[in-house]
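Fold and contact review
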Amino acid sequence: MLAPNMRYAELKDSYLFNTIYKKTDEYLTAHPGKQVLRMGVGDVSLPLCDAVIKALHEAVDDQAKAATFHGYMPEAGAPFLRKAIAGYYAEKGAKVSENEIFISSGACDDLGDILELFDQNNTVMVIEPAYPEYVDTNILGGRKIVHLSSNEENGFLPEPDESIKADILYICSPNNPTGAVFNRLQLQAWIDFANKNGAVILFDAAYEIFIEDNDLPHSIYELDRADTCAIEICSLSKTAGFTGTRLGYTVVPQNLVRGGMNLNAMWSRNRETRTNGVSYILQKGAAAVFTPEGQAQIHKNIRLYLENASYFTNALNDAGIWYCGGQNSPYIWMKCPDGMSGWEFFDYLLNEIQVVGIPGDGFGECGKGYFRFSAFGNPDDTKEAANRLCALLKKG
Ligand code: PLP
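Residues numbered from 1 in each chain as written. Predicted model: local features only at pLDDT ≥ 70, side-chain atom pairs only at ≥ 80, totals over all residues. Heavy atoms only, no water.

Summing up its helical and strand segments, the protein chain has twelve helices and 15 strands in all. In terms of overall size, the protein chain behaves like a compact globule, its C-alpha atoms giving a radius of gyration of 21 Å where 396 residues would be expected to give roughly 21 Å. A principal-axis box enclosing the C-alpha atoms of the protein chain has dimensions of 60 × 55 × 55 Å. Split into buried and exposed, the 396 residues of the protein chain put 54% on the buried side. Long-range contacts, defined here as pairs at least 24 residues apart, represent 73% of the contacts in the protein chain between residues at least 6 apart. Averaging the locations of the 34 positively and 50 negatively charged side chains of the protein chain gives two centres separated by 1 Å. (Helix = DSSP H or I, 4+ residues; strand = E, 2+ residues; numbered from the N terminus. Rg over C-alpha atoms; globule rule 2.2 N^0.38 Å. Buried < 20%, exposed > 50% of the residue type's maximum accessible area, 1.4 Å probe, protein only. Contact = heavy atoms within 4.5 Å. Lys, Arg positive; Asp, Glu negative; His and termini not counted. Charge placed at Lys NZ, Arg CZ, Asp CG, Glu CD.)

Here it is, written out as structure tokens:
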């Protein structure tokens, strides 16, 4: 008889987001005509930039003519896009070659697929609070998960210590949900720890573009010896508004070897088996992101989101509330006032000022008592939400 993967039964259901939708809908039904400002979601609001749209249109036209038509693309990605991304790394001072870059349909896909490189008996470390996919994919894979707590005292940026016994180390910087960003020294400590212990870091750089402070690393490969211990997973979702268009890329260095196996060669082989590549049209659109024109346009959008973030941080500064993020990151992670739980604060904001955010509980145990806002909304709504928040918090 067929035995299903019973680990699906171990996954928590989408209680958090379902409850947020349900509570918001119930409020709107009871208070018709009220304007609720949704400031929690991690989806972008600005459209694709002109350079990308132009490239997409041209690529569609290419597919209409035999002379320029493209069938299957290489599994690891189109050479023109791999080259453009290698150039992007070089500008940051990170040495990444074209054949270390693998194009995907988004970071979410690769975060799941990459685990096929690792044995089921490996132990995984997840820094909490965390993006839920790190936990869920490993529950499904049947791996042991150790949770490393982060907190206000360490600025939600914990250091490695020898008590951590894990083979796969997830690091997300800038972090979702906390917005905290590892500096060079802190990240180097994790690299040295991974190399010393033969572990592999899965570095999630989905929000690197939001870093404006020159002292903070965008890529783990800006640091020494990361090429012998780290895989970096990136996405154009937040960088260039590709959440609904879909494109990501993963770097697996050629120097990354474990148990006599070369992980770059393994990932190449994995791609040959698991994908027939990403659409030519989307890869053309993505390549436009890395042109000078594309970079100027996306940075304009990122500035606007960061401006949104500053409305929240100004409000929290005014009210004297502890938070992190909001700079070099689109997420603002605040401590709920007066010892409220995340859900109590959610209800308070919804009822008093019709602003919706995300209770920190959704990101693991140590998210309790905290709350996440996102800066991806439109500027007018965000400014209005921040003003309402400031007035409410000051009133007490
Ligand atoms: N990694 C982090 C930390 C994210 O927050 C997200 C999306 O919100 C992703 C990865 C997934 O990105 P993608 O849209 O490329 O699948």
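To continue, consider the site of the ligand. Not every one of the 15 residues close to the ligand is listed here, only the nearest: Ala-107, Asp-204, Tyr-207, Ser-235 and Ser-237. The side chain of Ser-237 places a nitrogen or oxygen atom 2.6 Å from an oxygen atom of the ligand. For the ligand, whose free accessible area comes to 400 Å², the fraction covered by protein is 91%. Contributing elements (two or more residues each) for the shell around the ligand: α4 (107-113) and α7 (237-240). Considering each element in turn, the shell around the ligand owes the most residues, three residues, to α4. When the residues that make up the shell around the ligand are grouped by side-chain class, the tally is eight nonpolar, four polar and three charged. (Near = heavy atom within 4 Å. Polar contact = N/O pair within 3.5 Å; in protein donor to acceptor, adjacent residues only side chain to side chain. Areas by Shrake-Rupley, 256 points an atom, 1.4 Å probe, with all protein chains shown as cover. Nonpolar A, V, L, I, M, F, W, Y, C, P; charged D, E, K, R; others polar.)

Now for the pairing of strand β2 (residues 101-104). Along β2, one buried face is formed by Ile-101 and Ile-103 and the opposite face, lined by Phe-102 and Ser-104, is buried too. Here β2 runs beside strand β8 (residues 248-251); their pairing, made up of four bridges, is antiparallel. Residue pairing in the sheet places Ile-101 in a bridge with Val-251 of β8. (Pairing = 2+ DSSP bridges.)

With that out of the way, let us pick up the nonpolar core. Of all hydrophobic cores here, the largest spans 104 residues; its most connected members are Tyr-89, Trp-190, Ile-201, Tyr-249 and Phe-373. With nine residues, helix α10 (residues 292-319) is the single largest residue contributor to this core. Shared between two domains, this core holds at least three residues of each, these being domain 1 (11-48 + 294-395) and domain 2 (50-291). Excluding residues within four positions of it along the chain, Tyr-89 makes contact with Ala-94, Val-96, Ile-101, Ser-219, Tyr-221, Glu-232, Cys-234, Tyr-249 and Val-251. Within the second largest apolar cluster, 26 residues are counted, among which are Phe-118, Ala-130, Ile-139 and Val-200. (Core = buried A, V, L, I, M, F, W, Y, C linked by side-chain atoms within 4.5 Å. Domains from an automatic or database assignment.)

Summed over the entire model, instances satisfying the criterion amount to 19 salt bridges. Here Asp-113 ties to Arg-271 by a salt bridge, and the two come within 3.2 Å at their closest N and O atoms. With Asp-113 in helix α4 and Arg-271 in helix α8 (residues 263-274), this residue pair connects regions lying 158 residues apart in the sequence. Taken as a pair, Asp-113 and Arg-271 share a single burial class, namely buried. The salt bridge partner of Lys-368 is Glu-365, with a shortest N-O separation of 3.1 Å. Classification of Glu-365 by relative accessible area gives exposed; the value is 58%. (Salt bridge = Lys/Arg side-chain N within 4 Å of Asp/Glu carboxyl O.)

The subject of this paragraph is the side chain of Thr-239. With respect to the helices and strands, the residue Thr-239 is situated in helix α7. Taking the relative accessible area as the measure of exposure, Thr-239 reaches 7% and is therefore buried. At 3.0 Å, the side chain of Thr-239 and the backbone oxygen of Ser-235 are in polar contact. Beyond its immediate sequence surroundings of up to four residues, Thr-239 is in contact with Ala-206, Ile-209, Ile-298 and Ile-302.

A contiguous nonpolar surface patch, about 280 Å² in accessible area, is contributed by Phe-17, Tyr-21 and Val-41. For Phe-17, a relative accessible area of 36% gives the class partly exposed. (Patch = residues over 30% accessible without salt bridge, like charges linked within 9 Å, V, L, I, M, F, W, Y side chains within 5 Å.)

This part covers the environment of Ala-9. Within the secondary structure, Ala-9 is located in the segment before α1 (15-30). On the basis of relative accessible area, Ala-9 is assigned to the exposed category, the value being 62%. When the C-alpha atoms of Ala-9 and Asn-122 are compared, they prove to be 21 Å apart, with 113 residues separating the residues in sequence.

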